[in-house]
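Close look at the chain arrangement
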Amino acid sequence: MFFDYYKKERKQILVKGEINNEPYAGGYVLAPEKGIWDDICIWDYTSKFPSCMMAFNIGADTRIGRLKPEYINTYHKKNSKGVLVRYDEIHIRDSYLDIEFIDNDGIEQKITKEHIVSANGIIYGKNHYSSLHEIVFKLFNGRVIQKNIASEMDAMYQRVKETRNYEDYGKRLMELGVSESLIDSNDVDRILSEINASKDNAKNLSEALKIQLNSTYGVIGYIMFVLYDRDTADSVTAQSRSLIQYTISKINDYFSTVTDNNFWNDEESQKRMQLFGNFTLPRAEVIEMKPKIVKYADTDSIMGSLKWFYEIFNWESDIENGVIDFEAIRRDVKDISRLSIENYKGNKKSYYKVCFMLAFNHYVMQPFFNKIFIEYTRKHNAYDVKQDNSPSF
């Protein structure tokens with residue numbers, strides 16, 4: 001894949017250079033908080049390592065230097081295999097503009113907006129996308145397309161099955177390879193079979209692209225790979241650790257402290273909270289005594305409990321009494337629209353609680369994550385959107 005890219009896109013032939021087989025650090029794991037925790041939500045980054053590669057334009061062909069040592073905290077620690085590994089972590093700052101780095105030619109320069117500062121101190125340029133960025137984006141975008149086709153086919157299948165009418169989908173079916181003669185045959189069962197086959201094909205392609213996408217990180221960390229570079233591979237895992245630690249810190253600060261610009265005095269949050277019915281904001285001292293939300297994290301997932309948020313509201317009774325327009329929420333939040341009380345054997349309490357968690361994630365958590373990911377990428381001068389203008393994370 002990389003050989004083809006360099007040959008076709010850059011008219012270059014790859015030749016392996018010297019190998020630096022010094023080990024580098026892996027992902028981040030937050031030790032689980034002891035206890036039994038209810039109402040756990042899992043927040044998972046979408047293709048986290050590939051997303052880091054794109055947002056930070058990581059690649060041996062875009063690496064232009066390294067921060068001066070005084071801006072990097074370097075220490076050694078044993079990994080899970082008992083091997084002593086070097087960790088390079090840049091000092092946390094509000095901005096990295098105008099601090100010094102040493103470029104590939106040994107010349108001291110200052111960080112500008114054209115320099116991306118990675119979490120291990122390696123500096124990447126923005127004058128062109130790295131080969132890694134380009135390849136990963138094509139795989140990522142291809143997977144999104146196939147996932148969308150699968151969803152489209154699923155909705156089409158359900159609609160045609162219910163109505164026994166596929167007239168509105170004829171053009172789209174032909175685009176997907178269904179013959180005009182079959183479309184004209186009015187054989188609904190065969191059409192349904194073709195739609196189902198298209199859905200399965202899109203799902204299979206999506207999974208294949210996912211494996212390729214995730215394997216791009218694996219291969220750049222393999223010392224026999226022609227483009228292997230220890231610092232580049234380390235940038236990916238360092239960035240992953242930095243991002244998840246930043247996210248955990250922001251979650252706990254935003255929801256568990258009473259300071260300016262946090263959840264409890266954010267007007268936009270309060271407007272969204274009104275969707276959940278009547279509630280009484282706890283006193284500041286009560287909020288700060290509550291346990292932290294985040295209970296555990298591992299590489300690309302964060303797990304937290306929303307139990308005491310649920311307890312603030314009268315969600316179930318407000319739905320029953322018509323205070324909350326639950327049908328509007330069902331229409332707006334796809335994950336809720338797919339559920340019914342029968343999924344919970346008629347247990348209203350369990351059903352409504354799950355719906356609350358899904359709605360809270362949709363209206364409160366997702367906007368919060370979008371905001372902090374933009375803050376994070378901009379602080380490092382990284383890309384906050386992909387090539388297609390979708391969010392980087």
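Right, let's walk through the structure included here. (Residues numbered from 1 in each chain as written. Predicted model: local features only at pLDDT ≥ 70, side-chain atom pairs only at ≥ 80, totals over all residues. Heavy atoms only, no water.)

Things to note about the overall build of the protein
- Looking only at helices and strands, one finds 14 helices and 11 strands in the protein.
- Principal-axis analysis of the C-alpha atoms gives the protein an extent of 70 × 70 × 40 Å.
- Within the protein, the proportion of its 393 residues that are buried is 45%.
- Counting only carbon and sulfur atoms, one obtains 49% of the accessible surface of the protein, whose full area is about 21000 Å².
- In the protein, 52 positive and 57 negative side-chain charges are present, and the distance between their average locations comes to 3 Å. (Helix = DSSP H or I, 4+ residues; strand = E, 2+ residues; numbered from the N terminus. Buried < 20%, exposed > 50% of the residue type's maximum accessible area, 1.4 Å probe, protein only. Areas by Shrake-Rupley, 256 points an atom, 1.4 Å probe, with all protein chains shown as cover. Lys, Arg positive; Asp, Glu negative; His and termini not counted. Charge placed at Lys NZ, Arg CZ, Asp CG, Glu CD.)

Overview of the packing of aromatic side chains
- Across all of its chains, the model carries 29 aromatic pairs by this definition.
- Between Tyr310 and Phe356, the ring centres sit 5.1 Å apart and the planes meet at 70°, which makes this aromatic pair edge-to-face. One end of the pair, Tyr310, is in helix H10 (residues 307–310); the other, Phe356, is in helix H14 (residues 348–379), with 46 residues separating them in the sequence. Pair check on accessibility: Tyr310 and Phe356 agree, each one buried.
- When the ring centre of Tyr157 is taken as origin, the NZ or CZ atom of Lys199, which lies over that ring, is 6.0 Å away. (Phe/Tyr/Trp six-rings, centres within 6.5 Å; stacked < 30°, edge-to-face > 60°. Lys NZ or Arg CZ within 6 Å of the ring centre and 35° of its normal.)

With respect to a nonpolar patch on the surface
- On the surface, a nonpolar cluster with roughly 270 Å² of combined accessible area is contributed by Trp37, Ile40 and Ile42.
- Structurally, Ile40 can be placed in strand S2 (residues 40–44).
- You can call Ile40 partly exposed: its relative accessible area is 38%. (Patch = residues over 30% accessible without salt bridge, like charges linked within 9 Å, V, L, I, M, F, W, Y side chains within 5 Å. Salt bridge = Lys/Arg side-chain N within 4 Å of Asp/Glu carboxyl O.)

Details of the environment of Ile372
- Position of Ile372 among the secondary structure elements: in helix H14.
- Here Ile372 falls in the buried class, since its relative accessible area comes to 2%.
- In sequence terms Ile372 and Asp231 are 141 residues apart; their C-alpha atoms lie 26 Å from each other.

Brief notes about the side chain of Arg241
- With respect to the element layout, Arg241 can be found in helix H7 (residues 230–256).
- One buried charged residue, Arg241, forms no salt bridge at all, with the nearest opposite charge on Glu89 at 4.2 Å.
- Setting aside anything within four residues of it in sequence, one finds Arg241 in contact with Ala25, Gly26, Gly27, Tyr28, Tyr87 and Glu89. (Contact = heavy atoms within 4.5 Å.)

Comments concerning H7
- Taking 1.5 Å of rise per residue, the 27 residues of H7 would be expected to cover 39 Å, and the 39 Å separating its terminal C-alpha atoms lies within 8% of that figure.
- With respect to burial, H7 is a largely interior element, 23 of its 27 residues being buried. (Expected span 1.5 Å × (residues − 1).)

Structural notes on the pairing of strand S4 (residues 72–78)
- Sheet topology note: the S4/strand S5 (residues 84–90) ladder contains 7 bridges and is antiparallel. Bridge assignment links Asn73 to a residue of S5, and that residue is Glu89.
- Between S4 and S5, which pair antiparallel one after the other, the connecting turn spans 5 residues, and Gly82 there sits at a positive phi close to 80°. (Pairing = 2+ DSSP bridges.)

Some remarks on the sheet that holds strand S7 (residues 108–110)
- Strand order across the open sheet formed by 5 strands is S7-S6-S3-S9-S8, with antiparallel pairing between neighbours. Because the sheet does not close on itself, it has two edges, and the strands there are S7 and strand S8 (115–117). Within this sheet the neighbouring strands show an average axis-to-axis angle of 40°, counted without direction.
- In the packing of H7 onto the sheet, the strands contacted are strand S3 (63–67) and strand S9 (122–125), and the crossing angle to S9 comes to about 95°. (Axes fitted to C-alpha atoms, helices over the stretch in contact; angles between N-to-C directions.)

As for the environment of Asp168
- Position of Asp168 relative to the elements: it lies in the loop between helix H3 (131–163) and helix H4 (170–175).
- When the C-alpha atoms of Asp168 and Met156 are compared, they prove to be 9.9 Å apart, with 12 residues separating the residues in sequence.

Some words on the environment of Phe49
- Counting through the fold element by element, Phe49 comes out in helix H2 (residues 48–55).
- Separated by 167 residues in sequence, Phe49 and Thr216 have C-alpha atoms that sit 9.0 Å apart.
- Excluding residues within four positions of it along the chain, Phe49 makes contact with Tyr217, Val236, Thr237, Ser240 and Thr299.

Observations regarding unusual backbone geometry
- One non-glycine residue, Asn57, adopts positive backbone phi at about 50°.
- Relative to the elements of secondary structure, Asn57 occurs in the loop between H2 and S3.
- A positive phi angle, close to 65°, is found at Asn186, a residue other than glycine.
- One can find Asn186 in the loop between helix H5 (180–185) and helix H6 (188–220).
- A relative accessible area of 57% means that Asn186 is categorised as exposed.

A short note on the packing of H2 against H3
- Two elements in contact, H2 and H3, have axes whose closest approach is 9 Å; the angle formed by their N-to-C orientations is 130°. Judged by the inter-axis angle, H2 sits oblique to H3. Remark: the crossing between H2 and H3 carries left-handed chirality. Judged by residue contacts, Pro50, Ser51, Met53 and Met54 of H2 engage Leu132, His133, Val136, Phe137 and Phe140 from H3.
- Broken down by class, the residue content of the contact of H2 with H3 amounts to 7 nonpolar, 2 polar and no charged. (Parallel < 35°, antiparallel > 145°, perpendicular 65-115°, else oblique. Left-handed = near helix turned anticlockwise from the far one by under 90°. Nonpolar A, V, L, I, M, F, W, Y, C, P; charged D, E, K, R; others polar.)

Let's talk about the pattern of salt bridges
- Counted under the stated rule, the structure contains 22 salt bridges.
- The salt bridge partner of Lys295 is Glu33, with a shortest N-O separation of 3.6 Å. Taken together, the residues Lys295 in strand S10 (residues 294–298) and Glu33 in the loop between strand S1 (29–30) and S2 connect sequence positions 262 residues apart.
- By relative accessible area, which is 5% here, Lys295 ends up buried.
- For Asp88, the salt bridge is made with Arg66, and the minimal N-O distance between the two is 3.4 Å. Of the two residues, Asp88 sits in strand S5 while Arg66 sits in strand S3, which places them 22 residues apart along the sequence.
- Judged by relative accessible area, which is 2%, Asp88 ranks as buried.
- Overall, the relative accessible area of 25% leaves Arg66 in the partly exposed class.
- Taken together, the salt bridges that share partners define one network made up of Arg63, Arg66, Arg86, Asp88, Asp229, Arg230, Asp231 and Asp234.

That's the geometry; what it means functionally is another story.
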